[in-house]
Amino acid sequence: MLGIKEIQEIIPHRHPFLLIDCVEELEPGVRAVGYKSVTYNEPYFAGHFPSEPVMPGVLIVEALAQTGAVAILSVEGNKGKTAYFGGMDHVKFKKKVVPGDKLRLECQIIRQKGPVGVGSAVATVDGKVAVSAELTFMVG
């Protein structure tokens, strides 16, 4: 299992924008499974929404992208590089994510040609899909 320190050695994200707490499974260049424990203290809950806190869907997509970045940047030839967003396709928001949820983040790299690739990503809470998407990345 990778903790925050090990994740920060792979991807450049830092607080408050590091959106994964740990990586439980990692196959470099193939897939990663991470987790985000959603707490009431997240800074975005102050305004999204004060009377009914909901994690913004775009931040769930970002957490999925960071999980995919761990997978792709763990490859020896990509160490020290950055994975950038190239696009998002087939994004579906299916379930609200609220304080107290443990968000499971899985990203599988389904194709790559040179520095550009696509990951199939799914975020779940208690086995129920919250967000699914295909995420295009560019390593630079």
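Predicted, not measured: the structure shown is a model, and the values here were computed from it.

Participant: Can you walk me through the sheet that holds strand 2 (residues 31-37) in this structure?
Facilitator: Sheets are built from strands that pair by backbone hydrogen bonding, the pairs being arranged parallel or antiparallel. Spatially, six strands are ordered 1-2-4-5-6-3 in an open sheet, and the strand pairing comes out antiparallel. Of all the strands in the sheet, just strand 1 (22-27) and strand 3 (83-93) have a single pairing partner and so form its edges. For this sheet, the mean angle separating the axes of adjacent strands, direction not counted, is 20 degrees. In this structure, strand 4 (residues 102-113) lies alongside strand 5 (residues 116-125), joined through 10 bridges in antiparallel fashion. Residue Glu106 lies in a different strand from strand 5, and its bridge partner there is Val122.

Participant: Would you mind going over unusual backbone geometry with me for this structure?
Facilitator: Leave glycine aside and you will find that most residues have negative phi; peptide bonds, for their part, are mostly trans. Here the residue pair His15 and Pro16 is connected by a cis peptide bond, since its omega of 5 degrees sits within 30 degrees of zero. The topology assignment puts Pro16 in the loop between helix 1 (4-8) and strand 1. For the peptide bond that leads from His48 to Phe49, omega is -10 degrees, which places it in the cis range. Tracing the backbone through its elements, the reader meets Phe49 in the loop between strand 2 and helix 2 (57-73). Even without a glycine there, the phi angle at His90 is positive, about 55 degrees. Inspection of the secondary structure puts His90 in strand 3.

Participant: Looking at this structure, how should I read the layout of surface pockets?
Facilitator: It is a probe the size of a water molecule, rolled over the atoms, that shows where empty space is left. The volume enclosed by the largest pocket comes to roughly 210 Å³. Forming the boundary of the largest pocket are Ile4, His15, Pro16, Phe17, Leu18, Leu19, Asp21, Lys36, Glu42, Pro43, Tyr44 and Leu59. Of the residues contributing to the lining of the largest pocket, the split by class is eight nonpolar, one polar and three charged. Quantified by volume, the second largest pocket comes out at close to 180 Å³. Forming the walls of the second largest pocket are 16 residues, and the residues nearest its centre are Ala65, Gln66, Ala69, Ala83 and Phe137. The set of elements that each furnish at least two residues to the lining of the second largest pocket consists of helix 2, strand 3 and strand 6 (128-139). In terms of residue count, helix 2 provides more of the lining of the second largest pocket than any other element does, seven residues in total. Across the lining of the second largest pocket, the residue classes break down as 10 nonpolar, five polar and one charged.

What counts, and at which threshold
- Residues numbered from 1 in each chain as written.
- Predicted model: local features only at pLDDT ≥ 70, side-chain atom pairs only at ≥ 80, totals over all residues.
- Heavy atoms only, no water.
- Pairing = 2+ DSSP bridges.
- Helix = DSSP H or I, 4+ residues; strand = E, 2+ residues; numbered from the N terminus.
- Axes fitted to C-alpha atoms, helices over the stretch in contact; angles between N-to-C directions.
- 1 Å grid on protein atoms, 1.4 Å probe; cavity = no way out; pocket = protein on both sides within 12 Å on 5 of 7 lines; lining within 4 Å.
- Points joined across faces, edges and corners; volume = space filled by probe spheres on them.
- Nonpolar A, V, L, I, M, F, W, Y, C, P; charged D, E, K, R; others polar.

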